Structures are given as structure tokens and as C-alpha cells.
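Summary of structural features
Letter by letter, the chains look like this.
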Amino acid sequence: MFIIKNRVIFYTLSVILFVVSIFAMAKWGMNYGIDFKGGTSIEVQPNASSTVSTTVNVKEVLQGAFPEGVVRAYGEKNFLVNTHELDAAGQVAARAKIGKVLPTYEVSRLDTIGPVLGDELKKKSVTSIILVLIAIVLFIAFAFRQVSRPVSSWKYGFAAIIALFHDVVIPMGFFAIMAHFFGGYEVDALFVTALLVVLGFSVHDTIVVFDRVRENLNHDKDKSASHFDQVVGRSVSETFVRSVNTSLTTVLALIAVYIWGPETTRNFSLVLIVGIIAGTYSSIFVGSALLVTMAGKKK
Amino acid sequence: MNRTRLWAIIILVIAGLFALYLQKTHITNPFKLGLDLNGGIHLVYKADTSKLPAGEVTGSMATLKNVIEARVNAFGVSEPIVQTEESTLDGQKVNKLIVELPGVNDTEKAVELIGQTPVLEFALVRESTSTTATTAPSLIPTGLTGRYITTAQVEYDGQTGRPQVGMVFNDEGGELFAKITRDNVGRRLAIVLDGVVISDPTIQTEILGGKAQITGQYSVQQANELARSLKYGALPVAIELIGTQTIGASLGTDALHASTRAGMYGFIIVGLFLILWYRVRGIIAVIALAIYTIINLVIFKAGGIVMTSAGLAAFIISIGMAVDGNILIFERMKEELKRGKSRAQALRDGFARAWPSIRDSNISSMITAVILYTFAASPMIKGFALVFLIGVAVSMFTAVSISRTFLLAITKENK
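The rules we used
Residues numbered from 1 in each chain as written. Chains lettered and ligands numbered in written order. Predicted model: local features only at pLDDT ≥ 70, side-chain atom pairs only at ≥ 80, totals over all residues. Heavy atoms only, no water. pLDDT = per-residue confidence, 0-100. Salt bridge = Lys/Arg side-chain N within 4 Å of Asp/Glu carboxyl O. Buried < 20%, exposed > 50% of the residue type's maximum accessible area, 1.4 Å probe, protein only. 1 Å grid on protein atoms, 1.4 Å probe; cavity = no way out; pocket = protein on both sides within 12 Å on 5 of 7 lines; lining within 4 Å. Points joined across faces, edges and corners; volume = space filled by probe spheres on them. Nonpolar A, V, L, I, M, F, W, Y, C, P; charged D, E, K, R; others polar. Helix = DSSP H or I, 4+ residues; strand = E, 2+ residues; numbered from the N terminus. Patch = residues over 30% accessible without salt bridge, like charges linked within 9 Å, V, L, I, M, F, W, Y side chains within 5 Å. Areas by Shrake-Rupley, 256 points an atom, 1.4 Å probe, with all protein chains shown as cover. Lys, Arg positive; Asp, Glu negative; His and termini not counted. Charge placed at Lys NZ, Arg CZ, Asp CG, Glu CD. Pairing = 2+ DSSP bridges. Axes fitted to C-alpha atoms, helices over the stretch in contact; angles between N-to-C directions. Contact = heavy atoms within 4.5 Å.

Turning next to the confidence of the model for chain B. On average, residues of chain B score 85 in pLDDT, and 93% of them reach the 70 mark or higher. Here the prediction assigns the complex a pTM of 0.82, and the interface score ipTM is 0.90.

And the structure:
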């Protein structure tokens with residue numbers, strides 16, 4: 001009840017986070033990686049045999065060797081250079097250059113993405129996000145088809161979508177802010193994958209709450225809209241612990257990936273952590289509260 | 001009651017056997033590792049199919065795949081992957097060729113071996129008003145290309161003794177060649193190799209029998225190389241390298257170790273949380289989770305699923321998600337107990353009532369996974385989606401059936 005009564009406060013927090021995220025994305029933009037822009041990305045790591053020299057500033061040396069590129073630390077010991085697209089010969093030259101300026105390092109990864117692949121990824125990303133959103137609305141509307149009073153099942157789907165939109169925008173905004181202030185935090189194919197997983201996962205908690213609303217409505221005889229906010233409020237508090245716990249176990253597993261997992265999936269797990277927390281918040285505080293608002297009648 | 005105990009024991013025995021299988025096959029049949037964990041080269045080519053009639057694209061791509069496979073096999077790489085992929089971009093079909101060479105590190109050499117194979121075309125020369133030899137003649141494609149060649153070998157000119165390359169067309173190519181020569185007697189037919197006109201003899205008469213020669217100023221060695229590449233490597237369509245990925249073996253090993261470590265710690269943290277929060281039921285959930293892990297690993301191994309770092313991340317996330325079903329059930333059981341039901345009844349009702357939300361939420365994740373898999377732009381994402389899908393599907397079974405059996409087995413049937 002507390003949540004539904006004070007829904008304006010919870011909305012406000014969501015709206016602030018949402019607006020800040022949109023602002024960050026509009027002002028600073030996302031830091032798109034070579035997956036989207038095309039280009040070459042070179043990762044260097046210290047040779048197995050050599051001890052890491054602290055006298056050489058590896059970042060500066062690499063920046064000097066690739067003046068057009070963006071250099072940053074990657075993981076504990078490695079460095080990453082993102083530059084324009086290099087063809088096979090250019091790659092050989094780049095390897096040779098690194099071997100010369102940084103003899104204690106070696107190229108451990110070298111990715112080149114041409115513009116065709118970048119365009120394709122953009123198209124596929126947009127398509128899959130739209131398809132996932134549509135599929136989820138359809139599915140929720142279908143799953144809740146028997147509960148059309150006092151709120152039609154489409155509104156459950158609509159409330160879920162608003163909540164989902166919120167869940168996707170917040171991690172994007174978070175990455176825009178982090179990229180602006182700290183560099184890195186690139187948007188790549190894995191980033192989009194993480195957003196899609198957030199979409200699929202956030203809806204879990206929303207479904208748990210809605211499912212309880214569905215059950216409580218079926219038990220109750222009073223189907224008037226004035227009664228509806230009480231039913232939703234009761235459903236939210238009844239399911240509160242499980243909503244938090246189901247997300248918590250997943251976040252715990254993700255924290256393990258973030259801390260101990262390989263560098264490649266570090267940002268990926270971060271997007272998921274932020275997205276899932278935003279998702280749990282929105283299913284508890286936004287999705288269900290929206291249902292009440294959409295029911296039309298104020299308390 | 002005895003029956004559920006029996007089932008619980010059967011499940012434990014089967015899980016034990018699975019674990020034994022995983023342990024026994026650890027060396028003989030290890031998990032398939034993707035390039036990012038194993039090191040190697042991933043190359044993406046775009047095939048230029050714009051000149052082909054629509055009906056021939058599929059066939060040409062299949063031929064292309066075979067030709068590249070033959071070349072890659074000659075490279076001596078263990079378990080290379082060559083595949084073609086069709087996608088639509090801006091309403092146009094893009095045909096791609098993807099080559100994966102595990103354990104190889106020399107991109108330039110690999111690219112050279114795969115890509116620099118000749119594209120052979122026969123084209124009619126459009127006679128222009130200017131006949132100066134320096135002007136590049138405009139060519140009219142005839143549709144006869146290297147893909148119709150069945151064999152090529154070095155021959156020697158009967159008069160001059162110079163080496164030349166003789167080609168034999170397949171039936172279709174032979175007919176096409178006969179038709180072209182029949183219809184164009186008196187015109188010049190250019191033999192174009194990689195966009196360069198090698199020779200452009202004038203057609204004297206219709207040529208039957210499906211044979212042709214390339215005569216040029218070749219040394220015996222050059223003629224040999226040309227014949228070999230025409231025979232094994234004349235590409236039916238031109239390909240252009242649009243993406244490469246080279247991963248060092250040590251980086252892959254590090255990533256694999258990090259993923260394994262993250263998986264172990266992830267399991268322990270999730271398990272500790274469950275036991276601290278749900279006590280005895282938490283222990284049951286952890287056993288179910290261990291069985292879940294074993295079943296997944298058996299599927300990965302038996303199904304030959306290629307593991308990538310993204311796939312392993314999906315697996316670890318799925319460990320966190322697999323217990324969601326348990327949490328929903330346990331919370332529901334608490335409610336049923338509060339309503340004054342017996343433990344056994346609360347357990348049965350808890351499972352029954354929690355099922356719709358478990359089913360619905362897992363279906364939404366499976367929808368995401370299927371869409372992700374269908375539109376995956378890289379093998380890494382495909383790997384993620386596949387592992388995620390398997391994980392969610394298996395968790396619906398383990399979180400519900402297995403936990404339920406164990407809980408019933410330890411619950412007394414008294415009121």
C-alpha cells in the first residue's frame with residue numbers, strides 16, 4: 001500500500017534518473033565502439049617472459065605510435081588502441097610498430113570491423129530491440145488476457161513497456177556518463193545483447209507482480225476501479241521480497257562475472273547489473289503504480 | 001512418500017553418472033572452445049554476388065564455400081570452420097563468407113591463402129572505334145566464369161612448345177562456351193583473370209567439347225600455379241575482406257581461467273545466499289542448482305556447443321536466474337504455511353501456485369534469447385543466446401521438478 005500511496009515519489013525518482021540519462025545521451029552521446037563505427041582495435045599485453053616495466057608509460061608510447069587512435073588501459077595489465085580500419089598489410093605494419101616501440105609487450109588481440117559489418121550490426125540491433133519489445137507486449141497481453149477488468153490486459157502490456165523503456169534508458173545513460181568522465185565504456189555488440197537480456201529479465205519481476213494482481217483479482221468479487229489500487233498495493237507488498245531476491249541472486253552472479261570474469265565481459269556484466277537493478281525498481285515501483293494510474297480513478 | 005524418496009535417489013544417481021561422464025571425458029572429449037578462449041583467426045568476407053543472376057547466388061555461394069574449405073584444409077589447421085551467411089541490409093542481400101582458423105595467429109598469411117585466389121571470367125570484347133592497344137577495351141560479361149571449371153592443367157603449345165593452361169568445363173559450362181563461341185564468331189573473347197585481360201583471342205569457330213586454353217607468356221612454374229589455383233581455387237564470386245579478428249592463445253587461456261573462476265565464485269555466492277536466507281530449503285535449492293549445472297555442462301559437451309566468454313557469462317547469469325524459480329516457490333510456501341496449511345500441503349500448493357509466474361517469466365526470457373540468436377551479428381552473441389536459451393529451458397525443469405522431489409522426500413506427510 002505504501003508504494004501505491006506514495007507512487008508520486010517513486011515516479012519522481014524514476015523520472016529524474018530517466019531525464020538525467022536522456023540528457024547525458026543527448027549531450028555527450030554514447031561512445032560507440034568499432035563494432036558499430038568500423039575500425040581496428042588492438043589489444044596489447046605484457047610478454048609472458050618479461051617483467052612489467054614501470055618506467056615506460058605504455059599509454060603514452062602507444063599514443064605516440066598511433067596518434068589518430070584512442071588508447072586506454074584495458075584490464076589489469078593490458079592496453080587497447082582503437083584506430084581507423086587497417087587492412088591486412090596495415091595490420092602487419094601495426095604489429096611491427098608495436099614490436100619496435102614496446103618490445104616487452106605483444107599484440108594479444110586485433111579486431112578489424114569494416115563499415116558493412118558495422119551497418120549490419122546497427123540494423124540488427126535496432127531490429128532485435130524492437131522485436132523483443134513487441135514480443136513482450138504481445139506475450140504479456142496474452143498471458144493476462146483473462147484479467148480484462150477493471151483494466152484491460154493491453155494495459156498490463158503497456159505498463160510493462162513503459163517500465164522496460166525506463167530499464168533500458170537508465171543503463172544507457174549510465175554508460176554515456178561514465179564514458180564522458182572516464183573514457184572507455186564503449187557501446188558494442190555485447191552492450192546491445194545486455195540491453196536485450198535486461199528487457200527479458202526486467203519483465204520477470206513485472207510478471208510476478210502482475211501475476212499476483214491477476215490472482216488477487218480472480219479471488220476478489222469487487223471488480224470496481226476504486227478497489228483496484230488496493231488490490232495492486234497488496235500484490236506489490238506480498239511479492240516484494242521475492243522480486244528483490246530473484247534479482248539479487250542474478251546480480252550476485254553478475255558481480256562474480258564483473259569481478260573475476262574476463263575483461264571482455266566486464267562492461268557487459270556492468271550493463272546487466274545496472275539494468276537489472278533499474279528493472280527491479282521499475283517493476284516494484286513503476287509498473288504496478290502505472291497500472292493504478294491507468295485504471296483512471298484516483299484513490 | 002516412498003516413491004518420492006525413490007525418485008530423489010534416482011535423480012541423484014543420474015546426476016552422479018552425468019558428473020562422472022564429465023570427469024571421464026575431461027581429456028578425451030573436452031568442451032569445444034570458441035576462438036576468444038582458444039586463440040585463432042576469424043575472417044569475414046563479403047561476396048560480390050551483384051553480377052550473378054538471382055537464381056545462381058545460392059549455388060555459387062555453396063561452390064565458394066567448398067573451394068575455400070579445400071584451401072583452408074590445405075592450410076593444415078585442425079577443425080577450421082567455413083560457413084556462408086546471407087543477411088539483408090538496406091533491402092539488399094549481403095552474402096558473407098566466414099572463416100575460422102583456431103590456433104592460427106598469422107592473419108596476413110591466412111588472408112593471402114584464402115583470399116588471393118584468381119577470379120576467372122570470360123568476357124566478350126566490345127569493339128570500340130578506337131583500336132589503340134593502350135585503351136582498355138570494354139568487356140561484356142558472358143556469364144561463363146571459373147566456377148564452371150572442373151579441371152585445369154598445364155599443356156604445351158604444339159607449335160611453340162610454350163606452356164599454357166588447359167581447362168575443362170563441366171557440362172553446363174561446356175554448353176555455355178559452345179553457345180558463346182557459336183554466337184560470336186569473329187569477335188574477340190577475353191579471358192579475364194582477377195580483372196586483368198590475360199588474352200583475347202578472336203573466336204574462329206564454335207568450340208564444342210567444353211575445353212579452353214589460356215595462352216600467355218608463362219614460365220612452367222607460373223603455368224603450374226595458375227592451373228592449380230584454377231582447379232582448386234578459382235572462385236565463383238569475388239570476395240572482399242570486411243572484418244578480421246585475431247586472438248592470441250594466451251589471452252584466450254586467461255579469459256577461460258577468469259570465466260571458470262567467476263563461475264565457481266558465482267555459484268558459491270548464490271549458494272551461500274540461498275542457504276542463509278532459506279536454510280534447509282536453501283540447501284535443497286543448492287543441490288538442485290548443482291544438478292542444473294551438471295545437466296547444462298552435459299548438454300554443452302554432448303551437443304558440441306562452442307563455448308565463448310559471452311557464452312560462459314550467459315551460463316553464470318543463468319545460475320543466478322535458475323534459482324529464481326526456487327525463490328518464487330519458497331516464498332509462496334511461506335504464505336501457504338501462514339495460512340495454516342500442513343508442510344506437505346503448503347509445499348504442493350506453493351509449487352502449483354508459483355508455476356504460472358515461473359512459466360510466464362521464463363517464456364519472456366526465452367523469447368529474448370530466440371530473437372537474440374536469430375539476429376546475432378557475431379558468433380559471440382550467437383553463443384550467448386544459445387547458452388542462455390538452454391539455461392532458461394533447463395532451469396524450468398530443475399527449479400520445479402527436482403527441487404519439488406527433494407523437498408517432498410524430506411518432508412513428513414503428517415498434518
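Resuming the write-up.
Turning next to the pattern of salt bridges. All names here are of chain A. Tallied over the entire structure, the rule returns 26 salt bridges over all chains. For Asp-111, the salt bridge identified is with Arg-109, shortest N-O distance 2.8 Å. Taken individually, Asp-111 and Arg-109 each receive the classification buried, so the pair is uniform in this respect. Across the salt bridge formed by Glu-263 and Arg-266, the nearest N and O atoms sit 3.1 Å from each other.

Under the criterion given, the structure shown has three cavities of 30 Å³ or more. In this structure, the largest cavity occupies an estimated 120 Å³ of space. In terms of residue class, the lining of the largest cavity is made up of seven nonpolar, six polar and two charged. In this structure, the second largest cavity spans a volume of roughly 90 Å³. Taken together, 14 residues make up the lining of the second largest cavity; nearest its centre are Ser125(A), Ser128(A), Val192(A), Phe375(B) and Ile381(B). At the level of secondary structure, the elements contributing two or more residues to the lining of the second largest cavity comprise helix H6 (115–143) and helix H8 (189–219) of chain A together with helix H10 (343–374) of chain B. Across the lining of the second largest cavity, the residue classes tally to 10 nonpolar, three polar and one charged.

This part is about unusual backbone geometry. Even without glycine at this site, Tyr185(A) takes up a positive phi of about 45°. Position of Tyr185(A) relative to the elements: it lies in the loop between helix H7 (153–182) and H8. The phi dihedral of Arg279(B) falls on the positive side, at around 50°, and the residue is not glycine. With respect to the element layout, Arg279(B) can be found in helix H7 (residues 249–302).

Bringing a negative patch on the surface into the picture now. Taken together, the side chains of Glu85(A), Asp87(A), Asp48(B) and Glu240(B) present a region of like negative charge at the surface. Within the secondary structure, Asp87(A) sits in the loop between strand S3 (78–83) and helix H5 (88–101).

The subject of this paragraph is the pairing of strand S2 (residues 70–74) of chain A. Residue and element names in this part refer to chain A. Bridge count for S2 against S3 is five bridges, and the pairing is antiparallel. Its bridge partner being in S3, Val-70 is matched across the sheet by Asn-82. Here S2 folds back onto S3 in antiparallel fashion, the turn holding three residues, of which Gly-75 has a positive phi close to 75°.

All names here are of chain B. With antiparallel pairing, the three strands of this open sheet are ordered in space as S6-S7-S10. One side of each edge strand has no neighbouring strand; the edge strands of this open sheet are strand S6 (149–156) and strand S10 (211–214). Here the average twist between neighbouring strands, direction ignored, is 25°. Note that strand S7 (residues 163–169) and S10 share four bridges and pair antiparallel. Paired with Val-168 across the bridge in S10 is Lys-211. Its contacts with the sheet place helix H5 (residues 171–183) against S7 and S10, and it is angled at close to 110° to S7.

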